Amino acid sequence: MLDSDSKKQNTALCTTCFKSLGIPSCMKIYQYIKKHGATSVTILTKISNLTQPTVSYHLKEMKIDGLLSSQKHGKEVLYSINPYCNIYKRECVLNSVEIPA
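Figured I'd write up the structure that's included with this text.

Procedures and definitions
Residues numbered from 1 in each chain as written. Predicted model: local features only at pLDDT ≥ 70, side-chain atom pairs only at ≥ 80, totals over all residues. Heavy atoms only, no water. Axes fitted to C-alpha atoms, helices over the stretch in contact; angles between N-to-C directions. Helix = DSSP H or I, 4+ residues; strand = E, 2+ residues; numbered from the N terminus. Parallel < 35°, antiparallel > 145°, perpendicular 65-115°, else oblique. Left-handed = near helix turned anticlockwise from the far one by under 90°. Contact = heavy atoms within 4.5 Å. Nonpolar A, V, L, I, M, F, W, Y, C, P; charged D, E, K, R; others polar. Expected span 1.5 Å × (residues − 1). Buried < 20%, exposed > 50% of the residue type's maximum accessible area, 1.4 Å probe, protein only. Arc of directions from axis to C-beta.

Focus on the packing of helix H2 (residues 24–36) against helix H3 (residues 41–48)
Here H2 crosses H3 at 120°, and the two axes come no closer than 10 Å. Comparing their axes, H3 and H2 come out oblique. The way H2 lies across H3 gives a crossing that is right-handed. On H3, the residues touching Lys28, Ile29, Tyr32 and Ile33 of H2 are Ile43, Leu44, Ile47 and Ser48. Looking at side-chain class alone, the contact of H2 with H3 contains 6 nonpolar, 1 polar and 1 charged residues.

Notes on the environment of asparagine 49
Within the secondary structure, asparagine 49 sits in the loop between H3 and helix H4 (52–64). The sequence separation of asparagine 49 and serine 25 amounts to 24 residues, and the corresponding C-alpha distance is 9.3 Å.

Some words on H2
Under the 1.5 Å per step criterion, the end-to-end length of H2 is 18 Å for 13 residues, consistent within 8% with the ideal 18 Å. All buried positions along H2 are accounted for by Ser25, Cys26, Ile29, Tyr30 and Ile33. Summarising the axial view, the buried residues of H2 lie within an arc of 135°, below the 170-degree limit, and thus occupy one face. Opposite the buried face of H2, by more than 90 degrees, sit the exposed residues Pro24 and Lys35. Two residues or fewer after H2 comes glycine 37, characterised by a positive phi angle close to 85°.

Focus: unusual backbone geometry
Look at asparagine 49: it is not a glycine, yet its phi comes out positive at around 55°. What makes asparagine 49 exposed here is its relative accessible area of 68%.

As structure tokens, then:
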């Protein structure tokens, strides 16, 4: 069982996922990956109309927040939705949420 300080820390960490999705470009990237599956930076740059460094930055932040995972395939890195919450050690609540397009 978690003490109250641990609960507060976990809740604060979990809200970073929602805060990250509050950025419109991050939401667009997240929605695309959720709909289409593992996706490269190149494709995300094209669909988001953002520069490659900006897309890479958003992907890095969303990965740190636990929203995404990545896997290297040759020279390319593919990003996918992380279905598992790193904070609460269970299925991510975002898996059961319908995010409007």
